[in-house]
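Structural overview
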Amino acid sequence: MKVLFIGGTGNISSRVSRLSLDQGIELYHLNRGNRQAIEGVINLVADISDIQQVKKALVKNSWDVVVNWIAFTPQDITRDFELFESNTRQYIFISSASAYQKPPLNYLITESTPLRNPYWEYSRNKIACEELLMTLYRDRNFPVTIVRPSHTYYSVLPVSLAGWEEYTIVDRIKKGLPIVVHGDGTSLWTLTHADDFAKGFIGLLDNQLAIGESFHITSDEVLSWNQIYQTLANAAGCEAKIIHIPSEFISDYADKHNFPSERGNLLGDKSHCAIFDNSKIKNSFRVFMLPFHFP
């Protein structure tokens, strides 16, 4: 199998890359080359926003699968359609579980849960990408599969506030300083390790039964935010001194200090419960007959 990842060295995609290599996949990365390359990957250096540069890097190549890990707007999809319409058997778009209906009308999220998020532009852009891709699938037979990760971690901290690539929150915990948890900390949330996500994702690659379909891939473990922060503190060998602040107050404060994305992050995502039904990906595994199971 010959697979191209646009991106490929991020929090999720790096772990999928490693499992792909373990499975014997001929894996290519197309990116700007700013991060350390993964051993075993064939690297094509180009900026995806420069279409002529990308065409030069991809010349004479065709793919069983193209996965774009860094597409965020319909303009990105239009560009990818131009690049890959005639030279891939499958195009996988990485969407987001934050695109699911907010606020939710049902506690359990399935792939048929409506897509609607009035709070977060990021999520609305992902929805618009999905809608465009399904139009291209229906009208032009573009072989799309949509994957919606939820809160997935490997090289980042699984937190809701203060930046998940920063050490500040762990530093505060170790110093015995208070940390903020939104709301009352009892809303239920799902965290997924990138290695577990990778097991589900690999089964979708070059599988024609996945064309025209959407999947989310998450853990089945459900925790409250209080539990999540206590677990983080336990890993640091400390107790978490939690202060609860309403999500609306945090969002208003962030708006006043030029951090508008925090409103979407909380009111459009993490202040709501996120409990997922993974039956579709699990049942698909039985069909795909992979030599490993999705936990």
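Just so we're clear, the structure is a prediction, and the values are computed from it rather than from any experiment.

1. Describing the pattern of salt bridges
Per the counting criterion, the structure on display carries 16 salt bridges. Note that Arg263 is salt-bridged to Glu248, the shortest N-O span being 3.6 Å. Separated by 15 residues along the polypeptide, Arg263 in helix H9 (residues 261-270) and Glu248 in helix H8 (residues 247-256) bring together distant segments of the chain. Under the relative-accessibility criterion, Glu248 is labelled partly exposed at 46%. The partner of Asp269 in a salt bridge is Lys270, and the shortest N-O contact between them spans 3.3 Å. Note on accessibility: Asp269 and Lys270 belong to one class, buried. Several salt bridges converge on common partners, so that one network encompasses Glu248, Asp252, Asp255 and Arg263.

2. Regarding the pairing of strand E7 (residues 144-149)
For E7, the tally of buried residues reaches 6 of 6 residues, placing the bulk of the element in the interior. Across the two faces of E7 the burial is the same, with Val144, Ile146 and Arg148 and Thr145, Val147 and Pro149 all buried. When strand E5 (residues 91-94) meets E7, the two strands line up parallel, connected through 4 bridges. Within E7, the position partnered with Ile92 by the bridge is Thr145. Bridging between E7 and strand E12 (residues 214-217) involves 4 bridges; their strand directions are parallel. The partner of Val147 across the bridge, within E12, is Phe215.

3. Observations regarding the pairing of E5
The side chains of a regular strand alternate, residue by residue, between the two faces of the sheet. On E5, burial covers both faces: Tyr91 and Phe93 on one face and Ile92 and Ile94 on the other are all buried. Here strand E4 (residues 65-68) runs beside E5; their pairing, made up of 3 bridges, is parallel. Along E5, the bridge assignment pairs Val67 with Ile92. Viewed along the sheet, the connection from E4 through helix H3 (residues 74-84) into E5 turns out right-handed.

4. Details of helix H4 (residues 121-140)
Its 20 residues place the ends of H4 28 Å apart at the C-alpha level, agreeing with the 28 Å of an ideal helix rising 1.5 Å per residue. For H4, the secondary structure elements touched by its buried residues are H3, E5 and E7. Following H4 by one or two positions, Asn141 adopts a phi angle in the positive range, close to 60°.

5. Side note on the confidence of the model for the protein chain
Taken residue by residue, the protein chain gives an average pLDDT of 94. The fraction at 70 or more is 96%. In this model, residues 289-295 is a region of pLDDT below 50 whose contacts with residues beyond four sequence positions or in other chains number 21 contacts.

6. Concerning the packing of aromatic side chains
Under the defined criterion, the tally for this structure stands at 12 aromatic pairs. Here the aromatic rings of Phe5 and Trp69 are separated by 5.5 Å at their centres, their planes lie at 70°, and the arrangement is edge-to-face. Taken together, the residues span a long stretch of sequence, with Phe5 in strand E1 (residues 2-6) and Trp69 in the loop between E4 and H3 at a distance of 64 residues. The exposure classification of Phe5 matches that of Trp69, with both residues buried. Judged by centre distance (6.5 Å) and plane angle (55°), the rings of Tyr100 and Phe276 are tilted. Residue Tyr100 is found in the loop between E5 and strand E6 (108-109), and its partner Phe276 is found in strand E15 (residues 275-276); the two are separated by 176 residues along the sequence. Judged by its relative accessible area of 0%, Tyr100 falls in the buried class. Cluster of aromatic residues (ring-pair linked, three or more members): Phe5, Trp69, Phe197 and Phe201. For the cation-ring pair, Arg15 lies above Tyr154, with the distance from its terminal atom to the ring centre recorded as 4.4 Å.

7. Describing the packing of H3 against H4
Here H3 crosses H4 at 30°, and the two axes come no closer than 8 Å. Taken together, the axes of H3 and H4 lie roughly parallel to each other. Remark: the crossing between H3 and H4 carries right-handed chirality. Across the interface between the two elements, Pro74, Ile77, Thr78 and Phe81 of H3 pack against Asn125, Ala128, Cys129, Leu132, Leu133, Leu136 and Arg140 of H4.

Cut-offs used in this document
Residues numbered from 1 in each chain as written. Predicted model: local features only at pLDDT ≥ 70, side-chain atom pairs only at ≥ 80, totals over all residues. Heavy atoms only, no water. Salt bridge = Lys/Arg side-chain N within 4 Å of Asp/Glu carboxyl O. Helix = DSSP H or I, 4+ residues; strand = E, 2+ residues; numbered from the N terminus. Buried < 20%, exposed > 50% of the residue type's maximum accessible area, 1.4 Å probe, protein only. Pairing = 2+ DSSP bridges. Right-handed = clockwise from strand over helix to strand, strands pointing away. Expected span 1.5 Å × (residues − 1). Contact = heavy atoms within 4.5 Å. pLDDT = per-residue confidence, 0-100. Phe/Tyr/Trp six-rings, centres within 6.5 Å; stacked < 30°, edge-to-face > 60°. Lys NZ or Arg CZ within 6 Å of the ring centre and 35° of its normal. Axes fitted to C-alpha atoms, helices over the stretch in contact; angles between N-to-C directions. Parallel < 35°, antiparallel > 145°, perpendicular 65-115°, else oblique. Left-handed = near helix turned anticlockwise from the far one by under 90°.

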